[in-house]
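# Breakdown of the fold
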Amino acid sequence: MGFLEWFGDLGVFFWQVLRAAVTPPFEFRELFRQLDDIGSKSLPLVAAAGAAIGVVLSLETRDSLVRFGAKSMLPTAIVFSVIREMGPIITGLIVSGRVGAGIGAELASMKVTEQIDAIEASAVNPYRLLAATRILACILMLPLLTLAADFCALTMGWIAQALAEPISLHQFINAGFRGANFTDLLPPTLKTAVFGLIIGLISCFQGMRTRGGAEGVGRAAMNSVVLSSLFVILGDVVLVKFIIIVFP
Amino acid sequence: MHITDSVAIEQERAEEDGSEAVVAVENLHKSFGSRKVLNGIRLAVSRSETLAVLGRSGTGKSVLLKLIIGLQKPDSGSIRIHGQNIAGMALDPLGEIRKRMGFLFQQAALYDSLTVGQNVAFPLQHHKKEISRSERGDRVRELLSEVGMEGDLEKMPSEISGGMQKRVGLARALALEPDILLLDEPTAGLDPISAAEIDELILRLEAGHHMASIVVTHDLHSAKAIADRLILLNEGNAVIEGTFEQLQESDDPFVKAFLKES
C-alpha cells in the first residue's frame with residue numbers, strides 16, 4: 001500500500017514539476033548553476049570510473065579471448081562493451097550516487113528548515129526553481145558525461161592493451177569500430193537522458209517531501225541514492241530491450 | 001466592465017478607506033489525521049490594523065498563518081485576501097497574491113547558502129526584474145538599514161544571532177512592499193531585550209508601511225505592545241476576540257487562566 005502511495009505521490013510531483021517547467025518565468029540562472037554543479041563537478045569522478053572500467057575490461061576480456069583463440073577481437077569487444085552498456089550504466093550509477101545524494105540532502109535540509117516554504121512565501125514556485133532546474137540539468141548532462149566516460153574507458157582500454165601487447169591507437173580504433181555504426185553509439189548514449197530524469201526526479205521528490213529534522217535529511221539522502229540507483233538499473237533493462245526492438 | 005472587476009474595484013476602494021477586511025477568514029477547519037487543529041475559525045483584519053493571535057503551544061496558531069499564506073490547504077472554509085478566496089488556488093495564481101504579502105518565519109528561514117544581502121535581494125531578483133542591479137543593491141541596503149542590519153550585508157546567516165536573523169527575515173518580508181504582513185512568533189527564543197527591540201521594530205515598520213498585520217505569538221507582553229486587537233485560541237476555537245482591556249475584563253475561565261500565567 002505504501003509502495004503504491006509512493007508511486008502516486010511521485011506521479012503528482014512529476015506533474016507539478018512538468019507544469020512549472022513549461023510555463024514562464026524560466027529560471028535560467030539556476031539552471032546554469034545546476035548544469036555546472038551536476039555536470040562539470042561530476043566529470044572527474046565519471047572520468048576516473050570510466051578509465052578504471054576501460055582497464056578492467058581490457059585485462060579481463062583479453063584473458064577470456066586468448067583462451068578461446070579470439071584475441072584479435074579484443075578492441076571490438078572493448079569498444080562495443082563500453083559504448084553500448086558499460087559507459088552509460090556506470091555513468092548513471094556514479095551520478096546517482098554523487099548527484100542523487102547531493103540533491104536529496106540539500107533539498108531535505110531546505111525543507112526541514114522551512115527554506116522551501118520561504119521560497120514559496122516569496123511568491124516563487126519551488127517546483128520551478130528547485131526541482132525543474134535540477135531535473136533538466138540531470139537530463140542534459142548525463143549524455144555528455146557518458147561520452148566523457150566512454151572516451152576515458154576506450155583510452156585506458158587501449159593503453160592497458162598496448163602495455164600487454166603493442167598496438168597503435170590507430171589500429172585499436174580501426175579494429176574496434178569496424179562494423180560499428182551510429183546506432184551502436186547514439187541510442188545507448190541518449191538513453192542516459194532517461195537515467196538523468198530518473199535521478200533528478202527521485203532525488204528532488206525524496207528531498208522535497210522530507211520530514212523530521214536531521215534524521216529525515218539523512219534518510220532522504222540515502223533513499224535518493226538507493227532508489228535512483230535501483231530505478232536506473234531497472235530502467236536500463238527496459239531501455240536495452242526497447243533499443244534492440246527499435247534499432248535491430 | 002466585467003462584474004468581477006467592479007467587485008474587485010469596490011473591494012479595493014473599501015480597503016483604501018479601511019472599512020473592508022484585507023484578510024478575511026471564514027469558518028476555517030483544519031485537521032492532521034484524527035487531530036482537529038482549527039475548528040471553524042473566523043477573523044478579519046483591515047488595512048493598517050494589527051491582530052495578535054494568542055494561545056498555548058500546539059493550538060494551531062502557526063497553522064492558521066500558513067493557511068492564510070497558502071502554504072497549507074484547509075479542510076474547509078474560506079480565506080479571502082483582497083477579496084479573492086485562496087483556498088485551493090493553484091501555485092502560480094496564488095503567487096500573484098503572495099507578492100502582496102510578507103511572511104516572517106518562526107526560525108527566520110533564511111537561505112543558508114546566500115549572504116544576508118542576497119537573502120533580502122531574493123524576492124527583488126525574482127519579481128522586480130525591471131530594476132537594475134545597482135538599484136536592487138540600493139533597495140537591499142535601504143531595507144537592511146530599516147531593520148538596523150546595514151553593516152552585515154556580506155555575512156552568512158550562520159554568522160549572525162537569532163535576533164539578527166529575525167531582523168533580516170523581516171527585511172526580506174518587506175522587500176516587495178507588501179500590504180499584508182504575517183509574523184510567526186517574532187520574539188520566540190529571544191532574550192527580553194532583543195524581544196523588546198523586535199517589538200519596537202515591528203511597531204515602527206507597521207506605522208511606516210500601513211500594512212495589515214497578523215502576529216502569532218504566545219508572548220502576551222509582545223502582543224499587548226504591537227497589536228490593536230487580540231484573538232485567543234483554545235482547542236481549535238477562538239475563545240475571545242477584542243482589545244487587551246476587553247480580554248482583561250473577560251469572565252471566561254480559560255482567558256483568566258491564560259492572562260494569569262502569561
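### Quick word on the overall build of chain A
The helix and strand tally for chain A stands at nine helices and zero strands. If you list the helices and strands of chain A from N to C, you get α-α-α-α-α-α-α-α-α. Counting only C-alpha atoms and orienting by the principal axes, one finds that chain A spans roughly 65 × 40 × 35 Å. Buried residues in chain A amount to 47% of all 248 residues. For chain A, long-range pairs separated by at least 24 residues make up 89% of all intrachain contacts whose partners lie at least 6 apart in sequence.

### Re the environment of I69 of chain B
Mapped onto the fold, I69 of chain B is located in the loop between α2 (61-68) and β4 (76-81). Classification of I69 of chain B by C-beta neighbours within 10 Å gives buried; the count is 24. Placed 25 residues apart in sequence, I69 of chain B and L94 of chain B show a C-alpha to C-alpha distance of 8.7 Å. With sequence-adjacent residues up to four places away left out, I69 of chain B is seen in contact with A121 of chain A together with R98, M101, F103 and L182 of chain B.

### Observations concerning the pairing of strand β3 (residues 50-55) of chain B
Residue and element names in this part refer to chain B. Of all six residues making up β3, six are buried, and the element is well covered by its neighbours. Pairing between β3 and strand β8 (residues 212-216): four bridges, direction parallel. Bridge pairing in β8 links L51 to I214. Two elements, β3 and strand β9 (residues 229-234), share five bridges in a ladder whose sense is parallel. When the sheet's bridge partners are listed, L54 is paired in β9 with L232.

### Regarding the sheet that holds strand β10 (residues 237-242) of chain B
Residues and elements named next belong to chain B. Strand order in this open sheet of six strands is β6-β7-β8-β3-β9-β10, and the pairing throughout is mixed. The strands lining the two open edges of the sheet, one partner per strand, are β6 (101-104) and β10. Taking each pair of neighbouring strands and ignoring which way they run, the sheet shows an average axis angle of 15°.

### Focus on the pairing of β10 of chain B
Residues and elements named next belong to chain B. Direction of pairing for β9 relative to β10: antiparallel, over a ladder of five bridges. Directly across from L233, in β10, lies its bridge partner A238. Hairpin geometry of β9 and β10 is characterised by an intervening segment of two residues between the two adjacent antiparallel strands and by a positive phi of about 50° at E235.

### Quick word on the confidence of the model for chain B
Residues and elements named next belong to chain B. Here chain B shows a mean pLDDT of 87. Residues at 70 or above account for 93%. The low-confidence segment residues 1-7, where pLDDT is below 50, has two contacts with residues more than four positions distant or belonging to other chains. Model confidence for the complex: the whole-complex pTM is 0.88, and ipTM, which rates the interface, is 0.87.

### Considering helix α6 (residues 162-173) of chain B
The terminal C-alpha atoms of α6 of chain B lie 16 Å apart, and with twelve residues this matches the ideal 16 Å at 1.5 Å per residue to within 8%. Those residues of α6 of chain B not exposed but buried are M164, Q165, K166, R167, V168, G169, L170, A171, R172 and A173 of chain B.

### Digging into the packing of helix α1 (residues 2-21) of chain A against helix α6 (residues 126-164) of chain A
Residues and elements named next belong to chain A. One way to put it is that α1 packs onto α6 with a least axis distance of 9 Å and a crossing angle of 95°. Taken together, the axes of α1 and α6 lie roughly perpendicular to each other. Contacts between α1 and α6 involve Q16, V17, A20 and A21 from the former and Y127, R128, A131, A132, I135 and L136 from the latter. Partitioned by chemical class, the residues of the contact of α1 with α6 number eight nonpolar, one polar and one charged.

### Description of the sheet that holds strand β1 (residues 21-32) of chain B
Residues and elements named next belong to chain B. What the four strands build is an open sheet, ordered β2-β1-β4-β5; its pairing is antiparallel. Two strands lie at the open edges of the sheet, namely β2 (35-46) and β5 (84-85), each paired on one side alone. Taken together, the five bridges between β1 and β4 define a ladder with antiparallel strand orientation. Counterpart to V23 in the pairing with β4 is I81.

Reading the values: rules and limits
- Residues numbered from 1 in each chain as written.
- Chains lettered and ligands numbered in written order.
- Predicted model: local features only at pLDDT ≥ 70, side-chain atom pairs only at ≥ 80, totals over all residues.
- Helix = DSSP H or I, 4+ residues; strand = E, 2+ residues; numbered from the N terminus.
- Buried ≥ 20, exposed ≤ 12 C-beta atoms within 10 Å, placed from the backbone.
- Contact = placed C-beta atoms within 7 Å.
- Pairing = 2+ DSSP bridges.
- Axes fitted to C-alpha atoms, helices over the stretch in contact; angles between N-to-C directions.
- pLDDT = per-residue confidence, 0-100.
- Expected span 1.5 Å × (residues − 1).
- Parallel < 35°, antiparallel > 145°, perpendicular 65-115°, else oblique.
- Nonpolar A, V, L, I, M, F, W, Y, C, P; charged D, E, K, R; others polar.

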